Amino acid sequence: MESNNLVKLKKSIEDLREEINRYIEYPDIFKEEIQVTSGKIDELINEYLKLKHF
């Protein structure tokens, strides 16, 4: 079960990274979206690390 959660978290992080890469093309327009997405990535990475027991 834990491994399945890790896979889902990793996929979510990858999806958010792709999203933020699109926003970075126009940082002045998408400043708020970049900040929100970056925060989501940080939260998911922290959750991932907890599950990995780092």
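Owing to the predicted nature of the structure, the values given are computational and were not obtained by experimental measurement.

Chemist: Give me helix α1 (residues 2-24): which residues, what numbers.
Modeler: For α1, with 23 residues, the first-to-last C-alpha span of 33 Å sits near the 33 Å given by 1.5 Å per residue. Those residues of α1 lying buried are L6, L9, I13, L16, I20 and Y23. Next to the buried residues of α1 lie α2 (31-52).

Chemist: Requested: an account of the pattern of salt bridges, with residues and values cited.
Modeler: The tally for this structure, following the rule as stated, stands at 1 salt bridge. In this structure, K11 and D15 form a salt bridge, with 2.8 Å as the shortest nitrogen-oxygen distance. One end of the pair, K11, and the other, D15, are both in helix α1, 4 residues apart, so they sit about a helical turn from each other. Its relative accessible area of 47% is what places K11 among the partly exposed residues.

Chemist: Go over the environment of I45, please, and point to the residues and values.
Modeler: Here I45 is to be found in helix α2. Look at I45 and you get partly exposed, because its relative accessible area is 33%. Residues I45 and L9, spaced 36 residues apart in sequence, show a C-alpha to C-alpha distance of 7.9 Å.

Chemist: An account of the packing of aromatic side chains is requested, with residue identities and associated values reported.
Modeler: On inspection of all chains with the given rule, the structure shows 1 aromatic pair. Pairing Y23 with F30 gives two aromatic rings, centres 5.1 Å apart and planes at 35°, and the pair type is tilted. Under the relative-accessibility criterion, Y23 is labelled buried at 18%. F30 gets classed as partly exposed once you look at its relative accessible area, which sits at 26%.

The rules behind these values
- Residues numbered from 1 in each chain as written.
- Predicted model: local features only at pLDDT ≥ 70, side-chain atom pairs only at ≥ 80, totals over all residues.
- Heavy atoms only, no water.
- Helix = DSSP H or I, 4+ residues; strand = E, 2+ residues; numbered from the N terminus.
- Expected span 1.5 Å × (residues − 1).
- Buried < 20%, exposed > 50% of the residue type's maximum accessible area, 1.4 Å probe, protein only.
- Contact = heavy atoms within 4.5 Å.
- Salt bridge = Lys/Arg side-chain N within 4 Å of Asp/Glu carboxyl O.
- Phe/Tyr/Trp six-rings, centres within 6.5 Å; stacked < 30°, edge-to-face > 60°.

Remember, this is a structural readout, not a statement about activity or role.
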